[in-house]
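# Working through the structure, step by step
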Amino acid sequence: MENRPLEYDYSVAKLFMFTTIVLGIVGMLIGVILAFQLAFPSINLLLGEGLAEYTNFSRLRPLHTDAVIFGFTLSGVFATWYYIGQRVLKVSMAESGFLMFIGKLHFWLYVVGVAAVVVSLFMGITTSKEYAEFEWPIDIAIVIVWVLWGISVFGLIGIRRERSLYISIWYYIATFLGIAMLYLFNNMEVPTYFASGGIGAWYHSVSMYSGTNDALVQWWYGHNAVAFGFTVPIVAMIYYFLPKESGQAVYSYKLSLLSFWGLMFVYLWAGGHHLLFSTVPDWMQTMGSVFSVILILPSWGSAINMLLTMKGEWQQVASSPLIKFMVLASTFYMFSTLEGPIQAIKSVNALAHFTDWIVGHVHDGVLGWVGFMIMAALFHMAPRVFKRELYSKALMTTQFWIQTLGVVLYFTSMWIAGITQGMMWRAHDEFGNLAYSFIDTVTVLHPYYTIRAVGGLLYLIGFFMFAYNIYKTMSARPVEENELQSATPMAA
Amino acid sequence: MDIADIQAYAYFFFTGFLVLVLYGYIYHLYSSERKGERDYEKYGDIALNDEVTDKPVETISEKEIEKKEA
Amino acid sequence: MFHWLEKRPFFFAVAVFLTIAFAGLIEILPNFAQASRPTIGTAPYSTLELAGRHVYIKNSCNACHSQLIRPFKAETDRYGHYSLSGEYAYDRPFLWGSKRTGPDLMRVGNYRTTDWHENHMYDPAGVVPGSIMPAYKWMFTNIADVDTAYAEQLTIESVFNVPYNKPIPMKDGSTSTVALADSLEGAHASALEEAKLVAEDMKNQDVKDAVANGQIPEIVALIAYMNSLK
Ligand code: HEM
Ligand code: HEM
């Protein structure tokens, strides 16, 4: 064997980049279908009466949430880990046959898991718990995938050359631990087939917790799955990609460390905001609200740190679409972490809970922050992974504006829809009777549902442009190592 | 004292404790930098100079490699 | 001390874990015993009702309908008495939902009938003009899975001591019992008995025929479940 110089090995990162794009398309396509179904119910029969069981809104909705969370987002987290991890620890996966093997196994088991999820959700096999719909056999597969990822993370850290762990690594470690703990506790279930001596469906299970307790555990999970799936690993990404792309070190490293502990400490306590007006002791609900408000501090700590990293370099925002994506992502992060605490205030939550305002909050976070950051990460990684320049800067800029418009249409329409609905539900006439029947509060939403669907469609179109751009990058002009130092090379 | 009281006390205690630790950390970050013991900002360069051939910001010494945990 | 931690991935991970785990322990655990006590009048689900609950879950009805009435006048006016913790004691999993695209169903059994559900599930917009709810026609032909419902009953009885075949205190001071069959055949027979009562009030001939032939379409189980929500 000839003696080649040591290089980073991106084979596993590449695989996960692929699933990020494919599952992103699947998940968002289903999202757009859902959005149109709410505006035009006849679309429930998309593939005809015979297949309506599999294409109606309620059967598809869990597929949307799980495909974008566990497919798109999680793939993005893994892809960036297998990229950033090596670089900031200064050790190549090529140096360890073992880690390489674990990495590949991790990927393929993940793919098997995803396939099982898609099939089972289409068939209506679900536990009904939001973001934890999978039955026990898939839960076990997920735990194995997670453990494999843990081995990858700690294995790579174990053979590192860089003594200190860069802040992004902290966030990845927290993601690993947080999700592991939450997932395990929320999915405690008893398989009925075995407990009853072999009766009924083998995959069916029943939750270990009942009623209110089940709800407590579920929302403790649900809120923090958001925290450790949509916030912590995405922050890990931006702490690496924005400095690297702009060539500017993080504005204040100390602030980044501080925000980390602040976030870890406060996030879990804030879970109480999903339990407002439930049976949890009052003082704890109040503390849930209070901590949600405090949560603005560490969140904005990270976001402002990112914006200040661009200090004196703002011309880059104008000139580079990649920087645009990331700056808008941190702006949306600030936005949804301001909106969230507002919705966590008890009197506001009384109005907002169960309405489309929550859906609006969800999507300004996931489309503006999570989606933009993951796409920016892949835009940055693709030229380095394929050693080619980005196919088209113009396409990227167009995509940026189309998707930004899409997000704005989405959340503004859902805000209006949510607040309208909330107000109508509680309106009483002069005699103290309810002013509106329920259906009045549904039909009034039609225009907003239509606008949302259009906004979502724009976002999806942008995502297709993104996929095409990455695909074409694989055969674009090859570049030299030194062109990849900081700003990503792009063809006009 | 029933379980709800224990809960409230534990809540109070841990919150106080973690707030103290957090402030202690802020103090530590700034004082160790002022005293010149440690320059935290240099770690920001880990992301910028991240080629495999770049020199690590802080190298792991041979001795540490031998007895490193995790 | 802090710097020491930053250089040691293992202890660092332990510290992160402890920080995030405490909150959960203190928030959740203490409420466990308290919240799991059933209120007077709350009974476990019968085999058919449970099979219907599975149909509800299979089709993710909870994606659009909540089962949680909050203590506000506007909600109690619309849906009935606000929810009490103990009313959910036998709900595994809970079905509170997080989005009210359609109305709350916590007490739907109080104000809708078998007949209404039958028409509504077949063609929602025909019953409620302007409704955006999908039609669930396949429920009229798919057969409900009684086996799994029975398996779940056996499981919750043996693992969680759910009081089947035991007297349960009712609001009026009397007691009632929910029977649990001692064999799979028995479970099918008792589910069919219940299904016949529901089918009596239905009009769809295919469904009536199926029940007469000893089969239970999903819609029958679902309606039994809906009617039990009070
Ligand atoms: C300071 C930070 C945040 C706070 C305090 C917060 C607070 C809240 C509140 C109060 C709800 C509504 C609960 C309800 O009434 O149903 C909610 C829901 C949600 N939030 Fe946030 N939020 C924050 C940041 C974020 C971010 C950054 C994202 C995503 C990127 C996000 C994603 C979600 C999701 C997915 C839900 C919906 C859960 C469901 O109903 O299924 N949140 N959040
Ligand atoms: C093309 C873009 C998208 C469209 C059109 C879309 C549309 C929708 C629709 C129509 C719903 C159901 C709302 C309801 O029940 O009223 C929904 C729910 C949801 N979507 Fe999306 N979505 C998109 C992208 C995403 C992405 C990228 C993510 C996450 C990374 C995401 C996460 C969620 C979540 C967590 C929910 C559940 C919200 C809740 O329970 O409150 N969506 N989406």
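Small disclaimer: the values here were computed from a predicted structure and weren't measured.

## Some words on the overall build of chain B
A count of helices and strands for chain B gives 3 helices and 0 strands. If you list the helices and strands of chain B from N to C, you get α-α-α. Carbon together with sulfur atoms contributes 61% to the accessible area of chain B, which is approximately 4600 Å² in total.

## Section: the overall build of chain C
Within chain C one finds 11 helices and 2 strands. Starting at the N terminus and walking to the C terminus, you meet the elements of chain C as α-α-α-α-α-α-α-α-β-β-α-α-α. In terms of its C-alpha atoms, chain C occupies a principal-axis envelope of roughly 75 × 45 × 35 Å. Residue burial in chain C is summarised as follows: out of 230 residues, 58% are buried.

## Some details on the pattern of salt bridges
Here the structure, examined in full by the defined rule, presents 24 salt bridges over all chains. The salt bridge partner of Glu-75 of chain C is Arg-100 of chain C, with a shortest N-O separation of 2.8 Å. One end of the pair, Glu-75 of chain C, is in helix 5 (residues 73-79); the other, Arg-100 of chain C, is in the loop between helix 5 and helix 6 (114-122), with 25 residues separating them in the sequence. Taken as a pair, Glu-75 of chain C and Arg-100 of chain C share a single burial class, namely buried. Among the salt bridges present, the one from Arg-107 of chain C reaches Glu-87 of chain C, with a minimum N-O distance of 2.9 Å. Of this pair, Arg-107 of chain C sits in the loop between helix 5 and helix 6 while Glu-87 of chain C sits in the loop between helix 5 and helix 6, and the two are 20 residues apart along the sequence. In terms of burial, Arg-107 of chain C and Glu-87 of chain C fall into one category: buried. It is possible to trace a salt-bridge network through shared partners that takes in Glu-53 and Arg-59 of chain A together with Lys-58 and Glu-218 of chain C.

## Some words on the domain arrangement of chain C
Looking at chain C, the domain boundaries give domain 1 (2-33) and domain 2 (47-228). Using only C-alpha atoms to locate each centre, domain 1 of chain C and domain 2 of chain C end up separated by 41 Å.

## Section: the packing of aromatic side chains
Here the structure, examined in full by the defined rule, presents 61 aromatic pairs over all chains. Here Tyr-122 of chain C and Phe-140 of chain C contribute two aromatic rings whose centre-to-centre distance is 5.0 Å and whose plane-to-plane angle is 90°, an arrangement assigned as edge-to-face. Pair noted here: Tyr-122 of chain C is in helix 6 and Phe-140 of chain C is in the loop between helix 7 (124-127) and helix 8 (146-160), with a separation of 18 residues, a long-range link. Relative accessible area serves as the criterion here: at 38%, Tyr-122 of chain C is assigned to the partly exposed category. Of the aromatic side chains, those joined through ring pairs into one cluster are Phe-16, Phe-78, Tyr-82, Phe-107, Trp-108, Tyr-110, Trp-146, Trp-149, Phe-154 and Phe-176 of chain A. Looking at Arg-100 of chain C, its charged tip hangs above the ring of Trp-425 of chain A, at a distance of 5.7 Å from the centre.

## Observations concerning the interface of chain C and chain A
A common way to express how large an interface is: the accessible area buried when the components associate. Contacts between chain C and chain A engage 77 residues on the former and 91 residues on the latter. The contact between chain C and chain A buries some 7200 Å² in all, and 69% of this surface belongs to carbon and sulfur atoms. Inspection of the region where chain C meets chain A yields 3 salt bridges. Here Lys-58 of chain C and Glu-53 of chain A are joined by a salt bridge, their closest N and O atoms 3.9 Å apart. Inspection of the chain C/chain A interface yields 23 residue pairs in polar contact (both at pLDDT 80 or more). Secondary structure elements with two or more residues in the side of chain C that touches chain A: helix 1 (2-6), helix 2 (9-28), helix 3 (31-35), helix 4 (47-58), helix 5 and helix 8 of chain C. It is helix 2 of chain C that provides the largest number of residues to the side of chain C that touches chain A, a total of 14 residues. Here the residues of the side of chain C that touches chain A sort into 42 nonpolar, 19 polar and 16 charged.

## Some remarks on the site of ligand 2
By nearness alone, 27 residues border ligand 2, and Arg-61, His-64, Glu-130 and His-363 of chain A together with Lys-99 of chain C come closest of all. Neighbouring residues of ligand 2 are distributed over chains A and C. Measuring from an oxygen atom of ligand 2, one finds a side-chain N or O atom of Arg-61 of chain A at 2.7 Å. Between ligand 2 and Glu-130 of chain A, the relevant distance is 2.7 Å, taken from an oxygen atom to a side-chain nitrogen or oxygen of the residue.

## Some details on the state of the cysteines
Residues and elements named next belong to chain C. In the structure shown here, the tally under the stated rule is 0 disulfides over all chains. As a non-bridged cysteine, Cys-61 has Cys-64 as the owner of its nearest cysteine sulfur, 8.6 Å distant. Of the residues examined, Cys-61 reaches a relative accessible area of 10% and is grouped as buried. For Cys-64, a relative accessible area of 13% translates into the label buried.

## A word on the site of ligand 1
Taken together, 26 residues lie around ligand 1, and Glu-130, Tyr-131, Asn-349, His-353 and His-361 of chain A are the ones closest in. Around ligand 1, the nearby residues trace back to chains A and C. A distance of 3.0 Å is found between an oxygen atom of ligand 1 and a side-chain nitrogen or oxygen belonging to Glu-130 of chain A. Here Asn-349 of chain A contributes a side-chain N or O atom positioned 3.0 Å from an oxygen atom of ligand 1.

## Considering the coordination of the iron atom of ligand 1
Counting protein donors to the iron atom of ligand 1 gives just one, His-361 of chain A (NE2), placed at 2.1 Å. Relative to the assigned elements, His-361 of chain A resides in helix 15 (residues 356-386).

## What to know about unusual backbone geometry
Of the consecutive residues Arg-92 of chain C and Pro-93 of chain C, the connecting peptide bond is found in the cis state with omega at -5°. Here Pro-93 of chain C lies in the loop between helix 5 and helix 6. One non-glycine residue, Tyr-131 of chain A, lies in the positive phi region at around 65°. Along the chain, Tyr-131 of chain A falls in the loop between helix 4 (97-123) and helix 5 (136-158). A positive phi angle, close to 50°, is found at Ser-60 of chain C, a residue other than glycine. Positionally, Ser-60 of chain C belongs in the loop between helix 4 and helix 5. Classification of Ser-60 of chain C by relative accessible area gives buried; the value is 6%.

## Topic: the interface of chain C and chain B
At the junction of the two partners, chain C supplies 14 residues and chain B supplies 16 residues. Buried area between chain C and chain B, summed over both chains or domains, comes out near 1300 Å², and the portion from carbon and sulfur atoms is 70%. Applying the counting rule to chain C against chain B returns 0 salt bridges. Inspection of the chain C/chain B interface yields 0 residue pairs in polar contact (both at pLDDT 80 or more).

## Looking at the nonpolar core
Ranked by size, the top nonpolar core spans 189 residues in total, and within it Trp-149, Phe-228, Phe-241, Phe-260 and Trp-261 of chain A carry the most contacts. At 19 residues, helix 8 (residues 211-246) of chain A tops the list of elements feeding residues into this core. Apart from the residues within four sequence positions on either side, Trp-149 of chain A is in contact with Val-77, Phe-78, Trp-81, Tyr-82, His-106, Tyr-172, Thr-175 and Phe-176 of chain A. Val-55, Val-198, Ala-221 and Tyr-225 of chain C belong to the second-largest nonpolar core, a separate cluster that totals 39 residues.

## Structural notes on empty space enclosed by the protein
Applying the stated criterion across every chain yields a total of 4 cavities of 30 Å³ or more. In this structure, the largest cavity spans a volume of roughly 230 Å³. Lining the largest cavity are 19 residues, and of these Ser-128, Lys-129 and Glu-130 of chain A together with Asn-62 and Ala-63 of chain C lie nearest its centre. For the lining of the largest cavity, the secondary-structure elements that each account for two or more residues are helix 3 (57-89) and helix 8 of chain A. Among the elements that make up the lining of the largest cavity, the one with the highest residue count is helix 3 of chain A (3 residues). Tallied by class, the residues present in the lining of the largest cavity amount to 6 nonpolar, 8 polar and 5 charged.

Reading guide: rules and limits
- Residues numbered from 1 in each chain as written.
- Chains lettered and ligands numbered in written order.
- Predicted model: local features only at pLDDT ≥ 70, side-chain atom pairs only at ≥ 80, totals over all residues.
- Heavy atoms only, no water.
- Helix = DSSP H or I, 4+ residues; strand = E, 2+ residues; numbered from the N terminus.
- Areas by Shrake-Rupley, 256 points an atom, 1.4 Å probe, with all protein chains shown as cover.
- Buried < 20%, exposed > 50% of the residue type's maximum accessible area, 1.4 Å probe, protein only.
- Salt bridge = Lys/Arg side-chain N within 4 Å of Asp/Glu carboxyl O.
- Domains from an automatic or database assignment.
- Phe/Tyr/Trp six-rings, centres within 6.5 Å; stacked < 30°, edge-to-face > 60°.
- Lys NZ or Arg CZ within 6 Å of the ring centre and 35° of its normal.
- Contact = heavy atoms within 4.5 Å.
- Buried area = accessible area lost by both parts, 1.4 Å probe.
- Polar contact = N/O pair within 3.5 Å; in protein donor to acceptor, adjacent residues only side chain to side chain.
- Nonpolar A, V, L, I, M, F, W, Y, C, P; charged D, E, K, R; others polar.
- Near = heavy atom within 4 Å.
- Disulfide = S-S within 2.5 Å.
- Donors = N, O, S within 2.8 Å, 3.2 Å for Na, K, Ca; no water.
- Core = buried A, V, L, I, M, F, W, Y, C linked by side-chain atoms within 4.5 Å.
- 1 Å grid on protein atoms, 1.4 Å probe; cavity = no way out; pocket = protein on both sides within 12 Å on 5 of 7 lines; lining within 4 Å.
- Points joined across faces, edges and corners; volume = space filled by probe spheres on them.

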